[in-house]
Amino acid sequence: MSLTLTSVTKAFGRFLALDDVSLEVRQGEFLALLGPSGSGKTTLLRILAGLEVPDAGSAAFAGEDLLALSAAERRVGMVFQHYALFRHMTVARNVAFGLSVRPRATRPPSAEIARRVADLLRLVQLEGLEKRYPSQLSGGQRQRVALARALAIEPRMLLLDEPFGALDARVRRDLRRWLRTVHDETGVTTIFVTHDQEEALDLADRVAILKDGRLVQVGEPQAIYDGPADAFVYDFLGGAVRLRGQVTGAMLMIDDWRMAAPDGAPRGPVEVFFRHEDAIIADGDGEGVPATVAAIARRGGVARLELVIRGEAIDLLLAAGEVPAFARVGGAVRVSARRIRVFPAG
């Protein structure tokens, strides 16, 4: 039951939220929609849920015209950032809600609903809490209830709109591992909206990156990380140092750091990127771009070097053991990299 979007476009007044987006989501896939605020992620999710109607384009699920179906007919489960639980209902009644409000002809018997609720509470590791109210739960527990409620209707597709956005960092990490386990057990096609790069790369089978309403790149997490389509994707995925350079003939020049230009590098002004883990710090007489060490901060096994290059402050994260002894606050160093990517200057 794959999902196919073709040239989906949506505007709100003069603001173009989605611009000719085409995308295929495979059956049983966990796809992350990743992008900055305003990139169109949530608008796309709301169109799939039947909460918005596109101005143009089509959407088919399992060969059926999804846009021709009402929100109820689509059998889509949706989980929001702020839980949207009913405060006056117990955990069990919240989970059962989607089944209990069905028309009598399609409503399961009470015993079947109770069995389904019990099974889901075991799946989301909340058994024994069925009589509690949302106010008696932690944020992570409330989000698990919201997911159980979405799964109760046996959805054909599960839509998650930044479900961990209201939670602290540790709970987010714990829940995303758990969410991946739940997805693997249920096998439901899942689309997960996030602006958290680490979350998307950690969870998803594939990642779709949006910018200004347009789909920029789709691929497996490692493939996108290693081969970003453009400077925006490279920079957005985080952990990158960005420098200005110039390609003349076969040479790349960044200040007085010169090297052979990578194959296919554009000529003229360029932006040069490299990951923190590829950085090399040399003393002031070594190879690389000249920099001044403005600060060094160590926390556990990680060190943050604040460098000033061409008057601009750049943070560099290294393993604590990789900070050379000659790196001193106020001292001069050189910065180069094992691997670089070169894009036309924006």
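The next thing to look at is the overall build of the protein chain. Tallying secondary structure elements over the protein chain gives eight helices and 20 strands in all. Counting only C-alpha atoms and orienting by the principal axes, one finds that the protein chain spans roughly 80 × 45 × 35 Å. The proportion of buried residues among the 346 residues of the protein chain is 47%. By sequence separation, contacts in the protein chain at least 24 residues apart represent 68% of the contacts at least 6 residues apart. Accessible surface, the protein chain: about 16,600 Å² in total, of which carbon and sulfur atoms supply 49%. Positive and negative side-chain charges of the protein chain, numbering 44 and 43 respectively, have mean locations separated by a distance of 6 Å.

By size, the foremost hydrophobic cluster in this structure holds 46 residues, and its most contacted members are Val95, Leu147 and Leu179. Of the residues forming this core, the biggest block, seven residues, is contributed by helix α4 (residues 139-152). Beyond its immediate stretch of four places on either side in the chain, Val95 contacts Val117, Leu120, Leu121, Val145, Ala148, Arg149 and Ala152. Within the second largest apolar cluster, 31 residues are counted, among which are Leu252, Val270, Ala291 and Val323.

Our focus in this paragraph is the layout of surface pockets. Taken as a whole, the largest pocket spans an internal volume of roughly 670 Å³. Ala71, Ala72, Val76, Gly98 and Ile153 are, among the 20 residues lining the largest pocket, the residues nearest its centre. If you list the elements that add at least two residues to the lining of the largest pocket, you get β6 (76-79), α2 (91-100) and α4. Considering only residue class, the lining of the largest pocket consists of 14 nonpolar, three polar and three charged. A volume near 190 Å³ is recorded for the second largest pocket. Residue lining of the second largest pocket: Tyr225, Gly238, Gly239, His276, Glu277, Leu317, Leu318 and Ala319, and that is the complete set. At three residues, strand β18 (residues 312-319) tops the list of elements feeding residues into the lining of the second largest pocket. Within the lining of the second largest pocket, the residues separate by chemical class into four nonpolar, three polar and one charged.

Residue position: His88 is located in the loop between β6 and α2. Using a relative accessible area of 54% as the deciding quantity, one classes His88 as exposed. Residues His88 and Ser135 lie 47 residues apart in sequence; the distance between their C-alpha atoms is 9.4 Å. Apart from residues lying up to four places away in sequence, His88 is in contact with Arg93 and Tyr133.

What follows is about helix α1 (residues 41-49). Burial analysis of α1 places seven of its nine residues in the buried class, which makes it a mostly covered element. Taken as a whole, α1 has its buried residues at Lys41, Thr43, Leu44, Leu45, Ile47, Leu48 and Ala49. Positive phi shows up at Gly50, right after α1, with a value of about 90°.

According to the stated counting rule, one finds six aromatic pairs in the structure shown. With 4.6 Å between their ring centres and 50° between their planes, Phe86 and Phe97 make a pair best called tilted. Remark: Phe97 occurs in helix α2 and Phe86 occurs in the loop between β6 and α2; sequence separation between them is 11 residues. Residue classification places Phe97 among the partly exposed residues on the basis of a relative accessible area of 27%. When the ring of Phe232 is compared with that of Phe236, the centres are 5.5 Å apart and the planes differ by 15°; the resulting orientation is stacked. Here Phe232 pairs with Phe236, and both are found in helix α8 (residues 231-236), just four residues apart, close to one helical turn. A residue is classified by how much of its surface remains accessible, and Phe232, at 18% relative accessible area, is buried. Residue classification places Phe236 among the buried residues on the basis of a relative accessible area of 14%. A connected cluster of aromatic rings, assembled from ring pairs, spans Tyr234, Phe273 and Phe343. One residue, Arg144, lies across the ring of Trp178, its end atom 4.7 Å from the ring centre. Over the aromatic face of Tyr225 sits the side chain of Arg275, whose NZ or CZ is 4.2 Å from the ring centroid.

A separate point is the pairing of β18. As paired strands, strand β17 (residues 302-309) and β18 are joined by eight bridges and run antiparallel to one another. For Ala303, the partnering residue across the bridge sits in β18 and is Leu318. Here β17 hands over to β18 after two residues, with Arg310 in that stretch at a positive phi of 55°.

Calculation notes
Residues numbered from 1 in each chain as written. Predicted model: local features only at pLDDT ≥ 70, side-chain atom pairs only at ≥ 80, totals over all residues. Heavy atoms only, no water. Helix = DSSP H or I, 4+ residues; strand = E, 2+ residues; numbered from the N terminus. Buried < 20%, exposed > 50% of the residue type's maximum accessible area, 1.4 Å probe, protein only. Contact = heavy atoms within 4.5 Å. Areas by Shrake-Rupley, 256 points an atom, 1.4 Å probe, with all protein chains shown as cover. Lys, Arg positive; Asp, Glu negative; His and termini not counted. Charge placed at Lys NZ, Arg CZ, Asp CG, Glu CD. Core = buried A, V, L, I, M, F, W, Y, C linked by side-chain atoms within 4.5 Å. 1 Å grid on protein atoms, 1.4 Å probe; cavity = no way out; pocket = protein on both sides within 12 Å on 5 of 7 lines; lining within 4 Å. Points joined across faces, edges and corners; volume = space filled by probe spheres on them. Nonpolar A, V, L, I, M, F, W, Y, C, P; charged D, E, K, R; others polar. Phe/Tyr/Trp six-rings, centres within 6.5 Å; stacked < 30°, edge-to-face > 60°. Lys NZ or Arg CZ within 6 Å of the ring centre and 35° of its normal. Pairing = 2+ DSSP bridges.

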